[in-house]
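Here are the chains, one letter per residue:
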Amino acid sequence: MIPMEVGRILEEMRTERIRGASWLARRGAEAYLILSEMLSGDELRRTLEEMRERIPAVNRTMASLYNLARFMPVTGDPEFLRAKAEEFIRLVDESKREIGNIGSELIDENEVVITHSFSSAVLEILLTARRKGKPFRVILTESSPDNEGIAMARELDAAGVPFELITDAQLGVFARKATLALVGADSVTRDGAVVNKAGTYLLALACYDSGVPFYVAAESFKLHPKLESKDVELVERPYSRNGYPVRNVLFDVTPWKYVRGVITELGILVPPKEI
């Protein structure tokens, strides 16, 4: 049986609306740290077997949770569990920094970067480019209905990065004004497709039509070892405005042919042959 403290973390992860797959994976690893402090022996082993099901179930579109659950051993040794959880947390933090270094090299002087939703990996690229003294500006969507783009705007504002916010409906208009597109990912499938916030596919299409290179920033633990694009489950959440129900599919799938490359801590991968 999962302890109440860990159950609260799983519920926090399930209800999170703004922060993405990297944050959820890190938070999940922190849940394993708590387990290592509370349980041992057969009780720990049984709980870890249950966690193998519960962690991916938080959001089945996110490869980071699938890979986290399989990275963690089913063991009765709390010290071994703690070491593996700390290793995964280091992987999350170090991967993001390395993606920032690699991705920032794609940003040239006076670049106009367009992005959609909130991605900690994309944010790290932009902040790293800012620290390197590169002049550029960002176009970002509000990313309704959860408005993840507003959260991204706050981060850019605090860092002094010039930006302008647009409504999602203007993606096609403003893609023509960009010189580079950067988005995050919840998963990259075995066949190289990108699962991300709904609207990502529309941005990729607009960039393709306008000749704007479209890159995805994703840590290697977001590469799903088994999932194919045709098998992605598109999750829908109830939503309404002014009393009317509005369809609200959370994610879409961008085919690999629209993706110039996937920026990982291992380098820039070209889908699908290097995924």
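Criteria and cut-off values
- Residues numbered from 1 in each chain as written.
- Predicted model: local features only at pLDDT ≥ 70, side-chain atom pairs only at ≥ 80, totals over all residues.
- Heavy atoms only, no water.
- Buried < 20%, exposed > 50% of the residue type's maximum accessible area, 1.4 Å probe, protein only.
- Helix = DSSP H or I, 4+ residues; strand = E, 2+ residues; numbered from the N terminus.
- Pairing = 2+ DSSP bridges.
- Right-handed = clockwise from strand over helix to strand, strands pointing away.
- Core = buried A, V, L, I, M, F, W, Y, C linked by side-chain atoms within 4.5 Å.
- Contact = heavy atoms within 4.5 Å.
- Axes fitted to C-alpha atoms, helices over the stretch in contact; angles between N-to-C directions.

Enquirer: Sorry, what's going on with the pairing of strand β11 (residues 261–264) here?
Expert: In β11, alternate side chains face the same way, and those of Gly261 and Ile263 on one face and Val262 and Thr264 on the other are all buried. Pairing of strand β7 (residues 214–217) with β11 involves three bridges; the strand directions are parallel. When the sheet's bridge partners are listed, Val216 is paired in β11 with Val262. Adjacent in sequence and paired antiparallel, β11 and strand β12 (residues 267–269) are bridged by two residues.

Enquirer: Mind showing me how you'd approach the pairing of strand β3 (residues 163–166) here?
Expert: Sheet topology places strand β2 (residues 136–141) next to β3; four bridges connect them, and they run parallel. Across the sheet, the residue bridging to Thr141 is Ile166, located in β3. Read as a crossover between parallel neighbours, the route from β2 over helix α7 (residues 148–159) to β3 is right-handed.

Enquirer: Where do I start with the nonpolar core in this structure?
Expert: Buried together is how nonpolar side chains tend to be arranged in soluble globular proteins. Counting 35 residues, the largest nonpolar core has Tyr32, Leu35, Met51 and Ile55 as the members making the most contacts within it. Contributions of two or more residues to this core are made by α1 (4–15), α2 (21–38), α3 (41–57), α4 (63–71) and α5 (78–104). It is α2 that provides the largest number of residues to this core, a total of eight residues. Residues in contact with Ile55, not counting those within four places in the same chain, are Leu10, Met13, Gly28, Tyr32, Leu65, Leu68 and Ala69. Residues Val112, Ala175, Val188 and Cys207 belong to the second largest nonpolar core, which totals 26 residues.

Enquirer: What should I look at first to understand the sheet that holds strand β1 (residues 111–115) in this one?
Expert: Working definition: the strands of a sheet are paired by backbone hydrogen bonds and lie parallel or antiparallel to each other. Read from one edge to the other, the open sheet built from seven strands follows the order β3-β2-β1-β4-β7-β11-β12, with strand pairing classed as mixed. Edge strands, defined here as strands with exactly one partner in the open sheet, are β3 and β12. Mean inter-strand twist for the sheet, computed between neighbouring axes without regard to direction, equals 25 degrees.

Purely geometric stuff here, so don't read any function into it on its own.
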